[in-house]
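Overview (structure and organization)
What follows is the residue order along each chain.
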Amino acid sequence: MAKAAKTDAKITPERLEEALNVRDRLIIELLVQVLDEKLVIERPVLRERVGNLVDLSDHDAELKETIHAVINKL
């Protein structure tokens, strides 16, 4: 089962722009996968799957937390 999104994540203002770029790139990758598989994806599932991709990424902890925070705003 997939992990729940980190609801207590906080945005680091200095990393916000970088986090938004990563988030957007991950969402595009996920949407391409979903379209390729001809699936329907709901917003909570989108947040969860993008959050899982963030956790698996090699970004530093501060950036990961900022990305999680901006994902929670979806």
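See the structure printed just above.
All of the points below concern the structure found in this document. Fair warning: this is a prediction, and the values are worked out from it, not measured in the lab.

1. A word on the side chain of histidine 68
In this fold, histidine 68 is placed in helix 3 (residues 61-72). Among all residues touching histidine 68, those that are not within four sequence positions of it are Lys6, Ala9, Gly51, Val54 and Asp55.

2. Here's the deal with the packing of helix 1 (residues 16-37) against helix 2 (residues 43-56)
Where helix 1 meets helix 2, the closest approach of the two axes is 10 Å, and the angle between their N-to-C directions is 120°. Looking at the two axes, helix 1 sits oblique to helix 2. As helix 1 packs across helix 2, the resulting crossing turns out to be right-handed. Along the contact surface, helix 1 presents Leu26, Ile27, Leu30, Gln33 and Val34, while helix 2 presents Leu46, Arg49, Val50, Leu53 and Val54. Residue classes in the contact of helix 1 with helix 2 are distributed as eight nonpolar, one polar and one charged.

What counts, and where the lines are drawn
Residues numbered from 1 in each chain as written. Predicted model: local features only at pLDDT ≥ 70, side-chain atom pairs only at ≥ 80, totals over all residues. Heavy atoms only, no water. Helix = DSSP H or I, 4+ residues; strand = E, 2+ residues; numbered from the N terminus. Contact = heavy atoms within 4.5 Å. Axes fitted to C-alpha atoms, helices over the stretch in contact; angles between N-to-C directions. Parallel < 35°, antiparallel > 145°, perpendicular 65-115°, else oblique. Left-handed = near helix turned anticlockwise from the far one by under 90°. Nonpolar A, V, L, I, M, F, W, Y, C, P; charged D, E, K, R; others polar.

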